[in-house]
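Per-entry structural report
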Amino acid sequence: MILQSLVNYYQMLINQNDSHIPKLGYSEENVHFCLMLDEDGNLKSVRDLRDNSDNKKSSKLVPIKLTLPERVQKSSGIRSNCFWENAEYALGVEKKKDKGKVDKKVMTQKRFQFFCNLHESILKNTSDAGATALLLFLDKHKKNNCQNELIAKIEDDLNNGELLVFRLEGDSQYLHERPAIKKVWENYYSQKEGNVKGISLISGKEGSISENHATISGVKDAQSAGARIVSFNAKAFESYGHEKGYISPITEEEMFQYTTVLNYLLSRKGQRIQIADATTVFWSETNNVDQTNAIYALLTGGDIENELAESEEKKENEHDTMLIHSFLKGIQKGNPIDWDHTNIDRNTEFYILGLSPNNARISIRYFYKKSFGDTVQNIARHYKDTELYSKNNYAPLIPWRMLSETAVNDKVHPLLGGTLLKTLLNGTRYPNMFYQQILLRIRAEQSINHYKAASIKGYLVRKARFENNIVRERLITVSLNEDREDFAYLFGRLFAVLESTQLAANPGIERTLRTTYFSRASSTPKVVFSTLLRLNQYHQDKLAKEMKGLQVNHDKLITQILEKIATVPPQLNLEEQGDFMLGYYQQKQELYRKGDRE
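Here the structure is a predicted model, which is why all the values come from computation and not from measurement.

Along the protein, the regular secondary structure elements total 20 helices and 16 strands. Radius of gyration (C-alpha) of the protein: 32 Å, far over the 25 Å computed for a compact globule of 598 residues. Counting only C-alpha atoms, the protein reaches 100 × 55 × 50 Å along its principal axes. Counting every position in the protein, which comprises 598 residues, the buried fraction comes to 49%. Within the protein, counting contacts between residues at least 6 apart in sequence, those at least 24 apart form 69% of the total. For the protein, the accessible surface area stands at approximately 29,800 Å², while carbon and sulfur atoms represent 46% of it. Charged side chains of the protein number 80 positive and 76 negative; the gap between the two group centres comes to 5 Å.

The next point concerns the sheet that holds strand S12 (residues 278-284). Taken in spatial order, the four strands make up an open sheet running S11-S12-S15-S16, and their pairing is antiparallel. The strands lining the two open edges of the sheet, one partner per strand, are strand S11 (272-275) and strand S16 (361-371). Across the sheet, the mean angle from the axis of one strand to that of its neighbour is 25°, orientation sign disregarded. The pairing of S11 with S12 spans four bridges and is antiparallel. Bridge pairing in S12 places Gln274 opposite Thr279. Together, S11, S12 and strand S15 (349-358) form the strand contacts of helix H8 (residues 289-300), whose direction differs from that of S12 by roughly 150°. Along the sheet face, helix H10 (residues 372-385) touches S15 and S16 and points at about 100° away from the line of S16.

Further remarks concern the sheet that holds strand S3 (residues 43-48). With respect to topology, four strands assemble into an open sheet ordered S3-S2-S8-S7, the strand pairing being mixed. With one partner strand each, in any of the chains shown, S3 and strand S7 (84-86) form the two edges of the open sheet. Between one strand and the next, the sheet's axes are offset by a mean angle of 30°, whatever the strand orientation. Note that strand S2 (residues 33-37) and S3 share five bridges and pair antiparallel. Bridge assignment links Leu37 to a residue of S3, and that residue is Leu43. Contacting S2, S3 and strand S8 (163-168), helix H4 (residues 129-143) crosses the sheet at an angle of about 125° to S8.

Our focus in this paragraph is the packing of aromatic side chains. Applying the stated criterion across every chain, the model contains 21 aromatic pairs. Between Phe495 and Phe518, the aromatic rings sit 5.8 Å apart at their centres with planes inclined by 80°, giving edge-to-face as the arrangement. Taken together, the residues Phe495 in helix H16 (residues 487-505) and Phe518 in helix H17 (residues 513-523) connect sequence positions 23 residues apart. Per residue, the accessibility class of Phe495 equals that of Phe518, and both read buried. With 5.7 Å between their ring centres and 65° between their planes, Phe518 and Phe580 make a pair best called edge-to-face. Of this pair, Phe518 sits in helix H17 while Phe580 sits in helix H20 (residues 574-597), and the two are 62 residues apart along the sequence. This pair shows no difference in class: Phe518 is buried, exactly as Phe580 is. Each residue in the set Phe487, Phe491, Phe495, Phe518, Phe529, Phe580 and Tyr584 is aromatic and connected to the rest through ring pairs, giving one cluster. Over the aromatic face of Tyr174 sits the side chain of Arg167, whose NZ or CZ is 4.3 Å from the ring centroid. If you follow Arg484 out to its NZ or CZ, it ends over the ring of Tyr489, 4.0 Å from the centre.

On to the pattern of salt bridges. Side chains bearing opposite charge may pair, as long as their charged atoms lie close to each other. Applying the stated criterion across every chain, the model contains 24 salt bridges. The salt bridge involving Asp171 is made with Arg178; its shortest N-O contact spans 2.4 Å. Exposure remark for Asp171: the relative accessible area of 19% places this residue in the buried category. On the basis of relative accessible area, Arg178 is assigned to the buried category, the value being 14%. With a shortest N-O distance of 4.0 Å, Glu387 and Lys384 are connected by a salt bridge. Glu387 gets classed as partly exposed once you look at its relative accessible area, which sits at 38%. Members of the salt-bridge network, linked through shared partners, are Lys463, Glu467, Arg472, Arg484, Asp486, Glu575 and Asp579.

Next up on the list: the nonpolar core. Counting 76 residues, the largest nonpolar core has Ile456 and Phe495 as the members making the most contacts within it. Looking at this core element by element, the count peaks at nine residues for H16. Excluding residues within four positions of it along the chain, Phe495 makes contact with Leu513, Arg514, Tyr517, Phe518, Ala521, Leu532, Phe580 and Tyr584. By size, the runner-up hydrophobic cluster in this structure holds 66 residues, among which are Val7, Leu13, Leu35 and Ala214.

What follows deals with the side chain of Ser27. Summarising the element assignment, Ser27 is placed in strand S1 (residues 26-31). For Ser27, a relative accessible area of 12% translates into the label buried. Among the polar contacts made by the side chain of Ser27, one reaches the main-chain amide nitrogen of Arg71 at a distance of 3.2 Å. Residues contacting Ser27, with those up to four places away along its chain left out, are Pro22, Leu66, Thr67, Leu68, Pro69, Glu70 and Arg71.

Right, let's talk about the packing of H10 against helix H14 (residues 450-466) for a bit. Axis separation between H10 and H14 bottoms out at 8 Å; the angle between their running directions is 115°. Judged on the interaxial angle alone, H14 and H10 are roughly perpendicular. Across from Asn378, Arg381, His382, Lys384 and Asp385 in H10, the residues of H14 making contact are Lys457, Gly458, Val461, Arg462 and Arg465. Of the residues contributing to the contact of H10 with H14, the split by class is one nonpolar, three polar and six charged.

Basis of the calculations
Residues numbered from 1 in each chain as written. Predicted model: local features only at pLDDT ≥ 70, side-chain atom pairs only at ≥ 80, totals over all residues. Heavy atoms only, no water. Helix = DSSP H or I, 4+ residues; strand = E, 2+ residues; numbered from the N terminus. Rg over C-alpha atoms; globule rule 2.2 N^0.38 Å. Buried < 20%, exposed > 50% of the residue type's maximum accessible area, 1.4 Å probe, protein only. Contact = heavy atoms within 4.5 Å. Areas by Shrake-Rupley, 256 points an atom, 1.4 Å probe, with all protein chains shown as cover. Lys, Arg positive; Asp, Glu negative; His and termini not counted. Charge placed at Lys NZ, Arg CZ, Asp CG, Glu CD. Pairing = 2+ DSSP bridges. Axes fitted to C-alpha atoms, helices over the stretch in contact; angles between N-to-C directions. Phe/Tyr/Trp six-rings, centres within 6.5 Å; stacked < 30°, edge-to-face > 60°. Lys NZ or Arg CZ within 6 Å of the ring centre and 35° of its normal. Salt bridge = Lys/Arg side-chain N within 4 Å of Asp/Glu carboxyl O. Core = buried A, V, L, I, M, F, W, Y, C linked by side-chain atoms within 4.5 Å. Polar contact = N/O pair within 3.5 Å; in protein donor to acceptor, adjacent residues only side chain to side chain. Parallel < 35°, antiparallel > 145°, perpendicular 65-115°, else oblique. Nonpolar A, V, L, I, M, F, W, Y, C, P; charged D, E, K, R; others polar.

So yeah, pure geometry; function would need other evidence.
Here is the structure:
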């Protein structure tokens, strides 16, 4: 289903004449330099095609993207691309780290010779001036023992696999774009079709079966040269005499289509985000830009990988946040889906695919297919469930932020990202592991921030909903709920007031109730309950001498909470610990709010 969906998307893009998606026989590559040749095959100059990065904070030069004859797979042996290559193949330039090594020099010579022979065989019957110039250049370069003054000047820039293309001096097109050479390439490519015929598992059609699938680039932490989704490299995978790509047969054309469109998606920032270890891409059945823009903004908050200047970035983020809030309110009210003043069809199929690195391959972390309307409805429900009052205007709780709150030394559990995103997209319960990780981080840090509190609220709301506990679901509110009478929530509120009293009585104190007792209070309240009340009496006495009005208010609030506490349990279970922490956070925000009014 995954490969079929990708093939369908590729075919739709081609039918829409999307100029950014390569056609059969071509691939999009990052190119660094262009060798300018005259008609006699002399190298006249080397043009640097790299440009400044769009990221204002980076001074690094980045290559340009060009559509080139399809990349060959170099898993083993010597194989070369046509009309473009790295300096080792195209110029016989040894890598800096390999200089002085005889065996490496011999291998470089063989690769250059292969490049020469390949183009000689392809272009020998072509009278095009560009083809003639390339063959003359390669012949002269070989006779000069691959030495050239112009190349020597930039040799240090050619040692990391930088790609080179060719152009005839005075020509407006690259060599591979000249009509005669394109025709030669396409004839050559059509003759490369595999010899093994079979029935495709994707379409059920007969065709030439792909022996090896192309690599996928752009998956975070996967091999830099690219990795495959489908590959077989051990006897254990073989059966009934089938090996390599023939084990799971699809046609050469389908292989090209799914790998090309996946590389295309991974190169587009508006259709790619990072969720923990999973590089995630998404697309719609109709290639509706507003749909992908809406999902991107909803899943990232509109501020991930933003490469604007600081002042522009702030303005852009404010626009995104307002747009998201407006969009969510409309969805929650049941209004038609409207994104940035554009009405969107809610019945269009929407796809989300998560990819993770796994040795030499790429693993499918998750695959999601649902109507666009259901997708945004579930995302909107997530934001509604995690909505929490705060004195600060916090951005919505995006998946990236949720996961970062569970991180230890900036590392998130590898299985958590995919599991969390699936529950968010399907509108189901958040993972127990996620909730437990949040509690662990709060206890370890002895503090709770807005995003951790919102995560706890979302988990508890959904747990109550899926247990059909309507009464409890309604008790878990956006702001402080003074009608709740469960001990854990009340004790969390009480702890917040006791801490606030201490801080008011002892401004600037470093060792607070939170840093000393928070962990035990949230798990084994009976151990610290009496101690906290005894300490509070000292704090009340001191506060009464300096801020009598505040002391009276706090004393009344503590008394109101204590009147509702019937018993003190020896320990709290995980759900009750979440109630404690939510009560603590909401009571603190309420105290801030009242303080602002005063």
